[in-house]
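Take a look at the letters that make up each chain.
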2 protein chains.
Amino acid sequence: MNSIVIFGAGNVAHHLLKAFSSAKDFRVIQVFNHKPESLISLSTVTETTINLAKVKPADIYLMAVKDDAISEIADNIIYKEALMLHTSGAVDIEVFSNFSRRGVFYPLQTFSKNKEVDFSQIPFCIEANKKDDLQLLESLGKSISENVYHINSQQRKSLHVAAVFVSNFVNYLYTEGEAICKKNNIPFEILQPLIMETASKVTKMNPMEAQTGPAKRNDVGVLQSHLSQLNKEQQKLYSLLTQSIQALHGKEL
Amino acid sequence: MNSIVIFGAGNVAHHLLKAFSSAKDFRVIQVFNHKPESLISLSTVTETTINLAKVKPADIYLMAVKDDAISEIADNIIYKEALMLHTSGAVDIEVFSNFSRRGVFYPLQTFSKNKEVDFSQIPFCIEANKKDDLQLLESLGKSISENVYHINSQQRKSLHVAAVFVSNFVNYLYTEGEAICKKNNIPFEILQPLIMETASKVTKMNPMEAQTGPAKRNDVGVLQSHLSQLNKEQQKLYSLLTQSIQALHGKEL
C-alpha cells in the first residue's frame, strides 16, 4: 500500500481524491490546502491540513495546485525520499530538481466540481526520472484509468497547447453559439446534438476529413450573410477561422 | 401515404433517404441528381433520374442540394400544387415564392457519408407558410426524429451561424490540435476523451460556466510558453481566442 498526500483542493484534487478512494494499492492519507474553506467538503473523506509543517510522511506527494505554486510548496517538503508528482500539463518535471525522485501525473481532461467524470476513460500522461517510479506511476494511473501514456515533458507541453485548442477554445466557441441563440430566442439545446456529433465524428475519422461548412465550400453568399449578423468581436473570430479553414482546405471553386 | 421526391445525392440527401425508408406515412418515390455517378449507390433503394423533365408528380419535393441550386431546380418543377421544401440553414422560405405551398425542413446536424448518424436525436427545424403544411412537416419530422422545432427563417439564419461556430469552427480547432500532436509524435486519440467531455459538459451546464484554461486564469507564463510553440497562423488564432475569453470572463488576477 502506497500512501499519498494530495496538495490542492481545486477541481483536479477533488476528482483525484474521489477516484483514489476505490484504488487498491494506493491510499490518500492527507490533503493539504492553503485555504481552509476548500477543505471542508474533503474532511469527511480524509485528513486535511492548512499547515505545511504538519504534512505527513508519505510515499507520494501529489501536487494538484496552480502551476506557480508547485515549486513553492515543494520547497517546504522535508521528506526528501518521497516521489514528488505534479498534475500540470505545462510544468517541467525538473521543477522538482531538489528531489531525487521526480514525476508527472497529468490527467488530460477538463474538470468542473459539479460535473462527474468517468475516470476510467481519462488519459493519464506519466513521466518519471527513474525506471522504478515510472512503473509505480503506471500502477497509479491504472488504478483509476484504462488509458496511461508515457509522455515526456516536451510532448506534454505540446499536448497542453493542443488541449487548449480542442477544449478551452472549443468551449469558447460554444459560448458564442449560445450567445447567438439567446439573442434570437432559440433554445441552446437545439445545438447540443450537433455539438456531440461534431466531437464524436473525430473519434471515427480525422478532423481534416470531417470538415464541412460554408468556409470550406467557399460559399460567399452565406459567408457574407453570416458576417452581417455578428457583432464586431464575433466578426473577427468568424473571419480569422474562415481564412484558416480556407488556407488549409483550399477554396473549392 | 405522402410521396416524396428528393433532389440531391449529397450527404444530407443520402442520410434522409435512408431515414425515410423506415418512416410510416412517407415514401420516397424518386431521387433526382445532376450527376449520375452519385445516384448509383441510391438506385437500389429507389427510382433515380438525372433529367428534371422526368421528375414524377409527388406530394412533397425536398431539395437537399447546394443553396445556389435550390431556386434553379424549383424553376423547373411543373407540379405547382406540391409542398416545396428545402433543407438549408441559410436560405429563406421565400425562395419558393412561385409556389403556393412553401416550407423548410432543416436538419441541424453535420453529415458525412461514411459516418452513421442517429436520426432520432437530430433536431429538425421546420417552417411552412400554411398551417396545414406545418402540421404535415411536424409529422414528417416526427417520422424520423424525436426533436422537431418550429423555427422561422430569421431564427434559422441565426441558428446556422451558431452552428458554424459550434461545429465547423470547432472541427477546425480539432484539426489544429491534431496537427500539434502529429508534429510531436503524440497519438491524437489521447485528446479524444477531452474532446468528448468538453462537448458533453455543455449539455449539463452552460458554456460560460464550463470555461477553464490558462486564458480564463490569465496564466501569463503558460500563455507565453504556448505561443512560443506555435506557428504564425496558430499564434493568430491563439491570441484572438485568448483575448476573446479574457474579454468575456475578465482577467482573474
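Heads up: these notes are all about the structure in this document. It should be emphasised that the depicted structure is a prediction, and the values quoted were computed from it without experimental measurement.

Re unusual backbone geometry
Residue and element names in this part refer to chain B.
Okay, so step 1: Positive phi is not limited to glycine here, since Asn185 has a value of about 55°.
Okay, so step 2: Residue placement: Asn185 occurs in the loop between helix H4 (153–183) and helix H5 (192–201).
Okay, so step 3: Here Asn185 falls in the exposed class, since its relative accessible area comes to 66%.
Okay, so step 4: Its identity as a non-glycine residue notwithstanding, Asn218 has a phi of 50°, on the positive side.
Okay, so step 5: One can find Asn218 in the loop between helix H7 (214–217) and helix H8 (220–228).
Okay, so step 6: Asn218 gets classed as buried once you look at its relative accessible area, which sits at 15%.

Details of the side chain of Ser88 of chain B
All names here are of chain B.
Okay, so step 1: Looking at the secondary structure, you find Ser88 in the loop between strand S5 (83–86) and strand S6 (102–107).
Okay, so step 2: Side-chain polar atoms of Ser88 contact the backbone nitrogen of Ala90, separated by 3.0 Å.
Okay, so step 3: Aside from chain neighbours lying at most four places away, what touches Ser88 is Asp67, Ile70, Val104, Tyr106 and Arg156.

Considerations on the packing of helix H5 (residues 192–201) of chain A against H4 of chain B
Okay, so step 1: Look at H5 of chain A against H4 of chain B: their axes get within 10 Å of each other, and the N-to-C directions meet at 15°. By the criterion of interaxial angle, the relationship of H5 of chain A to H4 of chain B is roughly parallel. Here H5 of chain A and H4 of chain B pass one another in a crossing that is right-handed. Along its contact with H5 of chain A, which presents Leu194, Ile195, Thr198 and Ala199 of chain A, the element H4 of chain B presents Ala163, Val166, Ser167, Val170, Asn171 and Tyr174 of chain B.
Okay, so step 2: Class assignment for the residues of the contact of H5 of chain A with H4 of chain B results in seven nonpolar, three polar and no charged.

A short note on the side chain of Ser158 of chain A
Okay, so step 1: Structurally, Ser158 of chain A can be placed in helix H4 (residues 153–183).
Okay, so step 2: When near neighbours in sequence (up to four residues on either side) are disregarded, Ser158 of chain A contacts Ile180, Asn184, Ile186 and Gln229 of chain B.

Topic: the interface of chain A and chain B
Okay, so step 1: Tallying the contact residues gives 87 residues for chain A and 87 residues for chain B.
Okay, so step 2: Here chain A packs against chain B, burying approximately 8400 Å² in sum over the two surfaces, 71% of which is carbon and sulfur.
Okay, so step 3: Our enumeration of links across chain A and chain B arrives at zero salt bridges.
Okay, so step 4: Connecting chain A to chain B are 31 residue pairs in polar contact (both at pLDDT 80 or more).
Okay, so step 5: Looking at the side of chain A that touches chain B, the element that brings in the most residues is H4 of chain A, giving 26 residues.
Okay, so step 6: Its residues assigned to classes, the side of chain A that touches chain B comprises 46 nonpolar, 28 polar and 13 charged.

Conventions used here
- Residues take numbers from 1 onward in each chain, read along the sequence in its written order.
- The order in which chains are written sets their letters, starting at A; the order in which ligands are written sets their numbers, starting at 1.
- Thresholds applied to this predicted model are a pLDDT of at least 70 for local features of residues and 80 or more for the giving and counting of side-chain atom pairs; totals over whole chains, interfaces and linings are not thresholded and use all residues.
- For the side-chain quantities, the full set of heavy atoms in the structure was used; hydrogens and water were omitted.
- Numbered from the N terminus, helices here are DSSP runs of H or I no shorter than four residues, and strands are runs of E no shorter than two.
- Any residue under 20% of the maximum accessible area for its type is buried, any over 50% is exposed, and the rest in between are partly exposed; the area is computed with a 1.4 Å probe on protein chains only.
- Polar contact is defined as a pair of N or O atoms within 3.5 Å, subject to the rule that within protein one atom must be able to donate a hydrogen and the other to accept it, and that residues adjacent in sequence are counted only when both atoms are side-chain atoms.
- When checking whether two residues touch, look at their non-hydrogen atoms; a contact exists if any pair is within 4.5 Å.
- Each axis is a line fitted through C-alpha atoms, taken for helices only over the stretch in contact, and angles between the N-to-C directions span 0 to 180 degrees.
- When an angle is under 35 degrees it counts as roughly parallel; over 145 it counts as roughly antiparallel; between 65 and 115 it counts as roughly perpendicular; any other value is oblique.
- Take the far helix as the reference: if the near one is turned anticlockwise from it by less than a right angle, the crossing is left-handed, and if turned clockwise, right-handed.
- Each residue gets one label: Ala, Val, Leu, Ile, Met, Phe, Trp, Tyr, Cys and Pro are nonpolar, Asp, Glu, Lys and Arg are charged, and the others, such as Gly, are polar.
- Once two parts are joined, some of their accessible surface, as seen by a 1.4 Å probe, is lost; buried area is that loss totalled over both.
- Any Lys or Arg side-chain nitrogen located within 4 Å of an Asp or Glu carboxyl oxygen qualifies as a salt bridge.

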